[in-house]
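Notes for the structure review
Here is how the chains run, residue by residue.
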Amino acid sequence: MTDTHGASSPRPGGALRFPGGRLSHHNWTALAALAAGHRGDVQLTTGGGTRIVGADHGPVAVAARDLAAAGLPSRISHPRGRDIIASPLAGRLDGRRELGDLPDRLSAALVDRDETEALGEQILFGIDDSSGDVLAHSPDLAVAIDGTDGSVHFHVAGREVPYRAEVADAATVLVDVAARFASSAGPERVPRSGALHQLVVDALGSHPRTIPVSDATPGATPVTAVVVPRVGWIDTADGLVSLLAVVPDGVVPARLAEFLGAVERPSTISSDRVIGLHELTEDMAEQVVRVLAPMGMIFDAESPWATGSA
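Here the structure is a predicted model, which means the values were calculated and not measured. Residue positions within a chain follow its written sequence, with the count starting from 1. For a predicted model such as this one, the threshold for reporting local features is a pLDDT of at least 70, and the threshold for listing and counting side-chain atom pairs is 80 or more; totals across whole chains, interfaces and linings nevertheless cover every residue. Side-chain figures throughout are based on the complete set of non-hydrogen atoms in the structure, without hydrogens or water.

**Section: the overall build of the protein**
For the record, the criterion: The numbering of helices and of strands both runs from the N terminus, where a helix is a DSSP run of H or I of at least 4 residues and a strand a run of E of at least 2. Relative accessibility under 20% of the residue-type maximum defines a buried residue, over 50% an exposed one, and the middle range a partly exposed one, all with a 1.4 Å probe and only protein chains included. Each accessible area value is a Shrake-Rupley result obtained with a 1.4 Å probe; residue values ignore everything except the protein chains displayed when judging cover.
Looking only at helices and strands, the protein has eight helices and 15 strands in total. A total of 310 residues make up the protein; the buried ones form 53% of that total. Carbon and sulfur atoms form 50% of the exposed surface of the protein, whose accessible area is close to 13100 Å².

And the structure:
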């Protein structure tokens, strides 16, 4: 796999950012090889990504050439990359909208813009499937897919603002607004409390691809009637199964990462560091639980690791 954005020097111990926390089984296989090469593990991040930690549990800087050798694109460690969290069950449950390739388009657009390097490490982007699971984390700049017309509504610091855009334009608008914020305000985080950052709201309002929404309610969060446990077995709308699981301390041993690759199904990492394995038949799901639970994956919703009480 090659990277059209070229090689770049990684930040020491920097995260490997998978857009929207979406991983293929090949990604897990590559991460397993990288971790084994450093006699370490794969650590999940709250931005839906990973990092490699060594035998001393300290983060390891992975060079672009090592990513390429493992079959991973160097852009996942690019200095202009940013955390993008996305709804892990998007399109898999009734009421959950498809996200398409929006996470990948947003990631590529961020890497392509020189101005985004000034955003700093902490800016967080979100893409919500209309369930509110991503907006609950108050991402700095986010969109929620509108279930009625397929457009997106914008949110700043977790609060809805009165502008929308077509899905096809969402990545461009988010990056343009972020770049304007970076050039005007410096590498500051959008305030999470108090008044919305007016500069960001103004940038959304003046963007040629946004449309005012007269009935938007500031602070409103979309919700659905679907209540999904944090971990466990999820019957999805297509008749298949998604398995959600956590690992102690968010650490995936290299051997477990190798087995996750062997499942050969799409995977996600949520902002809660929950691993999702998707598009499984019931027989496959039962086998995955039998094999991976003894290796450290926790599918029990009552486990202290799942409830956050560990």
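That shown, we press on.
**Quick notes on the packing of helix α1 (residues 25–37) against helix α6 (residues 254–262)**
Axes are the key here: two packed helices are described by the angle between their axes and the distance separating the axes. In plain terms, the rule: Axis lines are fitted to C-alpha atoms, over the contacting stretch for helices. Their N-to-C directions set the angle, which ranges from 0 to 180 degrees. Each angle is binned into one of four classes, with values under 35 degrees roughly parallel, values over 145 roughly antiparallel, values of 65 to 115 roughly perpendicular, and all other values oblique. Crossings are sorted by hand: turned counterclockwise from the far helix by less than a right angle, the near helix makes the crossing left-handed, and turned clockwise it makes it right-handed. Throughout, a residue-residue contact means that at least one pair of heavy atoms, one from each residue, lies within 4.5 Å. Residues are grouped as follows: Ala, Val, Leu, Ile, Met, Phe, Trp, Tyr, Cys and Pro are nonpolar; Asp, Glu, Lys and Arg are charged; every other residue, Gly included, is polar.
Running from N to C, α1 and α6 cross one another at 160 degrees; their axes reach a closest spacing of 7 Å. The orientation of α1 relative to α6 falls into the category roughly antiparallel. Crossing of α1 over α6 shows left-handed handedness. Contacts from His25, Trp28, Thr29, Ala32, Ala35 and Ala36 in α1 reach Ala254, Ala257, Glu258, Leu260 and Gly261 in α6. Looking at the contact of α1 with α6, its residues break down into seven nonpolar, three polar and one charged.

**Focus on the pattern of salt bridges**
Using the following cut-off: Should a side-chain nitrogen of Lys or Arg be within 4 Å of a carboxyl oxygen of Asp or Glu, the pair is scored as a salt bridge.
Enumeration over the complete set of coordinates arrives at ten salt bridges. The partner of arginine 96 in a salt bridge is aspartate 133, with the nearest N and O atoms 3.1 Å apart. Of this pair, arginine 96 sits in the loop between β5 (83–86) and α3 (102–112) while aspartate 133 sits in the loop between β6 (124–128) and β7 (141–145), and the two are 37 residues apart along the sequence. According to the relative accessible area criterion, arginine 96 is buried, its value standing at 11%. Ionic contacts of the salt-bridge type, sharing partners, join the residues Arg96, Asp129 and Asp133 into one network.

**With respect to the sheet that holds β6**
Under the convention used in this document: Two strands form a pair only when DSSP identifies at least two bridges running between them.
Across the sheet, six strands lie side by side as β5-β6-β7-β8-β9-β10; this open sheet has mixed pairing. Looking at strand neighbours, the two that pair on one side only are β5 and β10 (211–212), the edges of this open sheet. Those strands touched by helix α5 (residues 198–206) are β7, β8 (152–156) and β9 (159–165), and its axis lies near 20 degrees from that of β9.

**With respect to the environment of serine 77**
Along the polypeptide, serine 77 turns up in the loop between α2 (64–70) and β5. You can call serine 77 buried: its relative accessible area is 3%. For serine 77 and alanine 15, which are 62 residues apart along the polypeptide, the C-alpha to C-alpha distance reads 6.5 Å.

**Concerning the environment of leucine 243**
Tracing the sequence through the fold places leucine 243 in strand β12 (residues 241–245). The sequence separation of leucine 243 and glutamate 286 amounts to 43 residues, and the corresponding C-alpha distance is 9.7 Å. Once you skip the residues sitting within four places of it in the chain, leucine 243 turns out to touch Gly232, Trp233, Ile275, Gly276, Leu277, Leu280, Ala285, Val288, Val289 and Phe299.

**Examining the sheet that holds strand β2 (residues 41–44)**
An order of β4-β3-β2-β13 is seen for the four strands of this open sheet, with the pairing classed as antiparallel. Of all the strands in the sheet, just β4 (59–60) and β13 (251–253) have a single pairing partner and so form its edges. Two elements, β2 and β13, share three bridges in a ladder whose sense is antiparallel. Directly across from aspartate 41, in β13, lies its bridge partner proline 253. Set on the sheet, α1 makes contact with β2, β3 (50–53) and β13; between it and β2 the angle comes to about 120 degrees. The strands touched by α6 are β2 and β13; relative to β13, the strand with the most contacts, the crossing angle is about 80 degrees.

**So, α6**
Basically, it comes down to this: The arc in question is the one traced by the directions running from the helix axis out to the C-beta atoms.
Those residues of α6 not exposed but buried are Ala254, Leu256, Ala257, Leu260 and Gly261. Down the axis of α6, the smallest arc covering the buried residues is 160 degrees, so these residues share one side. Residues of α6 that are buried make contact with α1, β2, β13, β15 (275–280) and α7 (282–292). One or two steps after α6, the chain reaches glutamate 264, where phi turns positive at roughly 60 degrees.

**Section: unusual backbone geometry**
What is expected of a backbone is that most residues other than glycine have negative phi and most peptide bonds are trans. Of note, the phi angle at histidine 57 is positive, near 70 degrees, even though the residue is not glycine. Following the sequence through the fold, histidine 57 ends up in the loop between β3 and β4. You can call histidine 57 exposed: its relative accessible area is 62%. Of note in this structure, arginine 273 is not a glycine but carries a positive phi near 60 degrees. Within the secondary structure, arginine 273 sits in the loop between β14 (267–269) and β15.

**With respect to the confidence of the model for the protein**
Reading predicted coordinates in detail is not appropriate for stretches of low pLDDT. The cut-off we apply is this: A residue's pLDDT is simply how confident the predictor is in it, with values from 0 to 100.
Within the protein, residue pLDDT values average 86, and 86% of them lie at 70 or more. The low-confidence segment residues 1–12 (pLDDT under 50) makes 27 contacts with residues lying over four places distant or belonging to another chain.

**Comments concerning α5**
Taken residue by residue, α5 has Val200, Val201, Ala203 and Leu204 as its buried positions. Viewed end-on, α5 has its buried residues packed into an arc of 160 degrees, placing them on one side of the element.

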